[in-house]
Amino acid sequence: MSDSAVGDDRPAATRHLKPPNRKKHEEDIEKLNLILREKDDELRSLDVRSQEKVELEINKLHREREQRFHRRQSADGDLRKISDDIRKLESELTKVQSNLQYRSEHKINEAIQRLEAQLKTRNFRLSEEKKIVSEIDALKRSTKDLSSYLLLKKQIDEKRDQQRKLRDERDRLQKMVTEIKMKEEGIWQGNRIKWEKAEIIRNDIEDLQKKVKDAHSAFDAEVKEYRQQKDLLRRNKQAATLSVRKDDFQRALDDANRQDMEEFEPCPYAREIALCNALIRHLQRFMNTNEESTEKPAVDTLNACHGSKLEFDFHCRLSKIC
């Protein structure tokens, strides 16, 4: 396996840690907050009223419309009554008019004066004179019918004037009813459109707020993970440093022990030399000479304790030989 492969298999804590990009995170949050502020401004610009307030206004308009509607109905009833009165008055006027030869008092007076002048200036037979006198009397009586005719005509004109005013009032009320109804529908429709648009904006705001929250959570999670990995790396480094120090200490201790052993370790063939010296000393005991041996060992590298032990070993071996 290559070194690169080994390097790829190392845990994340042993590789170089890259801290979370706080600047980029803050820039992303600022972008989301900017869109949030724009959405808030757009929502406020809609001037959305609550459904309760809209219903109160519409109910107020509805009551006003109902009042106008009832007044219009009352005007319709008055118009029907006036129309009936006009028909009755016209019927009576027709009857009175059938008895009138002239429809003005001036013409009646002129006719009476003309007939009276004829009676004074001309000679008529008795039958003709009676006929003219009867006609004069009829003309004089027609003045009463004329008064009735003129009164009926005046009443009819007044009724027609009332009828015209009532029709104008009815049309005005009907127009007001229609306008109020259109206003009600406009308020409801306009606010319904605003409500739908506001609902879309509110959903967008909720989504943006969730994105901001998720972004903060994700960044906090990255920071937490980074700190955990950094702490793990620090602890691994401390453990590695401690292991290296322990290995160095063990090597130093081994080196010191080795130096000590080398310092106290006998030279090569020290044991054989010691045996030879012990043999020499043992053989000297069998020499019946009073001279103390002045000869020194060829090589004396052993301490007294070590020499005694070697002599004991030599005697043991010698006894076995003997």
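Residues numbered from 1 in each chain as written. Predicted model: local features only at pLDDT ≥ 70, side-chain atom pairs only at ≥ 80, totals over all residues. Heavy atoms only, no water.

1. Section: the overall build of the protein chain
On a plain count of helices and strands, the protein chain comes out with seven helices and zero strands. Along the protein chain, helices (α) and strands (β) appear in the sequence α-α-α-α-α-α-α when read from the amino end. Residues classed as buried in the protein chain amount to 21% of the 322 residues present. In the protein chain, 87% of the contacts between residues at least 6 apart in sequence involve partners at least 24 apart. (Helix = DSSP H or I, 4+ residues; strand = E, 2+ residues; numbered from the N terminus. Buried < 20%, exposed > 50% of the residue type's maximum accessible area, 1.4 Å probe, protein only. Contact = heavy atoms within 4.5 Å.)

2. Description of the side chain of E184
Here E184 lies in helix α5 (residues 126–264). By relative accessible area, E184 is classed as buried at 10%.

3. Focus: the pattern of salt bridges
Counted according to the given criterion, the structure contains 22 salt bridges. For the salt bridge of R164 with D161, the shortest nitrogen-to-oxygen distance reads 2.2 Å. Separated by three residues within a single helix, R164 and D161 lie in helix α5, roughly one turn from each other. In the salt-bridge network here, residues are joined through shared partners; they are R72, D76, R170 and D171. (Salt bridge = Lys/Arg side-chain N within 4 Å of Asp/Glu carboxyl O.)

4. Notes on helix α2 (residues 22–45)
Turn by turn, an α-helix covers 3.6 residues, leaving residues three or four places apart pointing in a common direction. Relative to the 34 Å expected for 24 residues at 1.5 Å per residue, α2 spans 34 Å between its end C-alpha atoms, a close match to the ideal helical length. Between a side-chain oxygen at the N-terminus of α2 and the backbone nitrogen of K23 the separation is 3.3 Å; the capping residue is N21. Following α2 by one or two positions, D47 has its phi on the positive side, about 55°. (Expected span 1.5 Å × (residues − 1). Polar contact = N/O pair within 3.5 Å; in protein donor to acceptor, adjacent residues only side chain to side chain.)

5. Some words on the packing of aromatic side chains
Evaluated as defined, the whole model comprises one aromatic pair. With a centroid separation of 5.6 Å and an interplanar angle of 85°, the aromatic rings of W188 and W195 are classed as edge-to-face. (Phe/Tyr/Trp six-rings, centres within 6.5 Å; stacked < 30°, edge-to-face > 60°.)

6. Topic: the confidence of the model for the protein chain
Looking at the protein chain as a whole, the pLDDT averages 76, with 74% of positions reaching at least 70. Averaged pLDDT values over the elements of the protein chain bottom out at 42 in helix α1 (residues 3–8) and peak at 90 in α2. Ignoring residues within four places in sequence, the model shows residues 1–14, a span with pLDDT below 50, making 11 contacts including any to other chains. This stretch, residues 292–312, has a pLDDT under 50; its non-local contacts, to residues over four places away or in other chains, come to 16 contacts. (pLDDT = per-residue confidence, 0-100.)

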